[in-house]
Amino acid sequence: MARSTINRSEPDEHGHWGEFGGRYVPETLVAPLEELTREFAHARDETDFWSELEQLRRDYCGRPTPLFHAQRLSAHAGGAQIFLKREDLAHTGSHKINNALGQVLLARRMGKRRIIAETGAGQHGVATATVCALFGLRCVVYMGAEDVRRQALNVFRMRSLGAEVMTVNSGTRTLKDAINEALRDWVTNVRDTYYLLGSALGPHPYPLMVREFQSVIGREAREQILAQNGKLPRALVACVGGGSNAIGLFHPFIGDEQVRCIGVEAGGRGEAAGEHAARFHSGLTSGGGRVGVLQGTKSYVLQDRHGQIANTHSISAGLDYAAVGPEHAYLRDAGRAEYICASDAEALEGFSLCTKLEGITPALESSHAILPALRLAKNLSSDDAIIMNLSGRGDKDVQLVADVDLTVEGDESHR
Ligand SMILES: *Cc1c(COP(=O)(O)O)cnc(C)c1O
């Protein structure tokens, strides 16, 4: 693809990156989405908007987050220097706050007093409940019943922050059902309600807006690597659920064609349909990722032969979703970004390595990027650098990892 096309990272006015993205919604949501698009376009051009956001990023979120030279992980790989972008140190423990804060300022500009959100593992719900507490706004979070059960601690955190957590009992009772309910609520209450969507997904302008708010990750990382290492990195590595932390890191480097952008999807338990969430990798299997529409946007979607949304699995709830953000689909087809996957077992190994070698416990989502980063580093020289996005901290996952360890020990004792 021609250079000019690749560098054109703005979607067209209808939110299309090539054939991906757009706005596939019921008639009632067209006007609210147009209003949101206009409001975002205005805010984006105003220095006041960005200076308020800048101040909150600094004083409330603790930005800039550090870029940490992980020397023991680098030595373990035996090649390039590995740098970790420390989103785990951002307020509430992941990159999700970057987006929640940007969007809540937009909601305030629009005079909306009620905020709704969907959440899977609860990280986005916690970030949204947090910014609503900060500004004294009503907050309603939709969460699948299955996730409510699995993520009791985050449910408690949201309720402590003053949010109402609505349990969703339809479908598979997970994230996609929570999104459907949130969209339904929005249709009904659109006059006073703002829908704060959590990843680089959904109808236009969400994928663009979320990318803009998350790009702070890549802008900081670019400055930091130049200051610390004197040159651009050879590669960026980030896990990809909906794709917000990855696009946030990649975006400011898209024009630097020598920098490889590598996204890591959830390989789960294996290649069979329902066992993974690798939207870009399942041409091999029956439940393959193909171009389709899910929840308002066109992208790669895991689906069966009849176009029904396939079941997905990942050890990390944050990567467990059937579709991927449309800009990733575009960057992939344009050859500007590459997507690989890491299995549950590889994520657990990355989790353990990073914890033992660096004293940093990553979220299981982020842990998917660790072994791929080590393998990549191994084939590069020690003068080279790669940046891995440590999208969140792993405290929320310690219990799950402990349970898996026990199961493995149990298996061995039966042999
Ligand atoms: C939600 C989450 C993810 C996945 O979401 P993206 O939109 O793909 O970034 C990754 N890491 C952490 C820590 C998360 O909370």
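Computed from a prediction, not measured in an experiment: that's the story for all the values here.

(A) Just the sheet that holds strand β9 (residues 235-239), in detail. Across the sheet, which stays open at both edges, the six strands sit in the order β3-β4-β14-β9-β10-β13 with mixed pairing between neighbours. Looking along the sheet, the strands with just one partner apiece sit at the ends: β3 (67-69) and β13 (337-343). Within this sheet the neighbouring strands show an average axis-to-axis angle of 25°, counted without direction. Here helix α14 (residues 344-358) sits on the sheet and contacts β3, β4 (81-86), β10 (260-268), β13 and β14 (385-390); the angle it forms with β13, its principal contact strand, is near 90°. Strand contacts of helix α16 (residues 370-378): β4, β9, β10, β13 and β14, with the helix running at about 180° to β14, the strand carrying the most contacts.

(B) Spotlight on the state of the cysteines. Throughout the structure, instances matching the rule amount to zero disulfides. Cys 61 forms no disulfide, and the closest cysteine sulfur to it belongs to Cys 132, at a distance of 14 Å. Relative accessible area serves as the criterion here: at 3%, Cys 61 is assigned to the buried category. Cys 139 forms no disulfide, and the closest cysteine sulfur to it belongs to Cys 132, at a distance of 3.9 Å.

(C) Fine view of the sheet that holds strand β6 (residues 138-144). In spatial order, the strands read β7-β6-β5-β8; together these four strands make up an open sheet with parallel pairing. A single partner strand is all that each edge strand has here, and the edge strands are β7 (164-168) and β8 (193-195). Strand-to-strand, the axes of this sheet are offset by a mean angle of 25°, without reference to chain direction. Inspection of the sheet shows strand β5 (residues 114-119) paired to β8 by three bridges, in the parallel sense.

(D) Representation of the domain arrangement of the protein chain within the structure. Under the domain assignment used here, the protein chain contains domain 1 (16-59 + 96-210) and domain 2 (63-92 + 216-413). Between the C-alpha centres of domain 1 and domain 2 the distance comes to 23 Å. Each partner contributes residues to the interface: domain 1 has 33 residues there, and domain 2 has 34 residues. Buried area between domain 1 and domain 2, both sides added, is near 2800 Å², and the carbon and sulfur share of it is 62%. Run the count over domain 1 and domain 2 and you get zero salt bridges. Summed over the shared surface of domain 1 and domain 2, the number is eight residue pairs in polar contact (both at pLDDT 80 or more). Elements with a minimum of two residues in the side of domain 1 that touches domain 2: β2 (20-21), α3 (47-61), α5 (96-109), α6 (123-135), α9 (175-189) and α10 (206-214). Residues that form the side of domain 1 that touches domain 2 fall into these classes: 15 nonpolar, 12 polar and six charged.

(E) How the structure looks around the pairing of β14. When you tally the buried positions in β14, you get six out of six residues, the bulk of the element. Residues Ala 385, Ile 387 and Asn 389 of β14 are buried on one face, and the alternating residues Ile 386, Met 388 and Leu 390, pointing to the opposite face, are buried as well. As paired elements, β4 and β14 share six bridges and run parallel to each other. Paired with Arg 86 across the strands is Leu 390, a residue of β14.

(F) Highlighting the packing of aromatic side chains. One pass over the structure, following the stated rule, counts 10 aromatic pairs. Here the aromatic rings of Phe 20 and Tyr 300 are separated by 5.7 Å at their centres, their planes lie at 35°, and the arrangement is tilted. You can see Phe 20 sitting in strand β2 and its partner Tyr 300 sitting in strand β12 (residues 297-302), a full 280 residues away along the chain. Here the aromatic rings of Trp 186 and Tyr 206 are separated by 6.4 Å at their centres, their planes lie at 65°, and the arrangement is edge-to-face. With Trp 186 in helix α9 and Tyr 206 in helix α10, the pair connects residues that are 20 residues apart, well separated along the chain. In this structure Tyr 206 comes out as buried when scored by relative accessible area, which is 1%. Among the aromatic residues, ring-to-ring pairing joins Phe 20, Phe 280, Tyr 300 and Tyr 339 into one connected group. Between the NZ or CZ atom of Arg 332 and the centre of the ring of Tyr 300, over which it lies, the distance is 5.1 Å.

(G) How the structure looks around the site of the ligand. Close to the ligand lie 17 residues, the nearest being Lys 96, Ser 199, Gly 241, Ser 244 and Ser 391. Between the ligand and the protein, one listed contact pairs an oxygen atom with a backbone N or O atom of Gly 242 at 3.2 Å. One of the side-chain N or O atoms of Asn 245 is found 2.8 Å from an oxygen atom in the ligand. In the complex, the protein chains occlude 96% of the 380 Å² of accessible area that the ligand would expose alone. Split by residue class, the shell around the ligand holds three nonpolar, 12 polar and two charged. No fewer than three residues from each of domain 1 (16-59 + 96-210) and domain 2 (63-92 + 216-413) sit in the shell around the ligand.

(H) View of the pattern of salt bridges. Throughout the structure, instances matching the rule amount to 32 salt bridges. Between Arg 109 and Glu 39 there is a salt bridge; the shortest N-O distance is 3.4 Å. Of this pair, Arg 109 sits in helix α5 while Glu 39 sits in helix α2 (residues 27-44), and the two are 70 residues apart along the sequence. Of the residues examined, Arg 109 reaches a relative accessible area of 32% and is grouped as partly exposed. One salt bridge connects Arg 149 with Glu 146, and the closest N-O pair in it is separated by 2.5 Å. With a gap of three residues between them, Arg 149 and Glu 146 both fall in helix α7 (residues 145-150), about one helical turn apart. Of the residues examined, Arg 149 reaches a relative accessible area of 56% and is grouped as exposed. One continuous salt-bridge network, built from bridges that share partners, spans Glu 10, Arg 44, Arg 211, Glu 212 and Glu 327.

Conventions used here
- Residues numbered from 1 in each chain as written.
- Predicted model: local features only at pLDDT ≥ 70, side-chain atom pairs only at ≥ 80, totals over all residues.
- Heavy atoms only, no water.
- Pairing = 2+ DSSP bridges.
- Helix = DSSP H or I, 4+ residues; strand = E, 2+ residues; numbered from the N terminus.
- Axes fitted to C-alpha atoms, helices over the stretch in contact; angles between N-to-C directions.
- Contact = heavy atoms within 4.5 Å.
- Disulfide = S-S within 2.5 Å.
- Buried < 20%, exposed > 50% of the residue type's maximum accessible area, 1.4 Å probe, protein only.
- Domains from an automatic or database assignment.
- Buried area = accessible area lost by both parts, 1.4 Å probe.
- Salt bridge = Lys/Arg side-chain N within 4 Å of Asp/Glu carboxyl O.
- Polar contact = N/O pair within 3.5 Å; in protein donor to acceptor, adjacent residues only side chain to side chain.
- Nonpolar A, V, L, I, M, F, W, Y, C, P; charged D, E, K, R; others polar.
- Phe/Tyr/Trp six-rings, centres within 6.5 Å; stacked < 30°, edge-to-face > 60°.
- Lys NZ or Arg CZ within 6 Å of the ring centre and 35° of its normal.
- Near = heavy atom within 4 Å.
- Areas by Shrake-Rupley, 256 points an atom, 1.4 Å probe, with all protein chains shown as cover.

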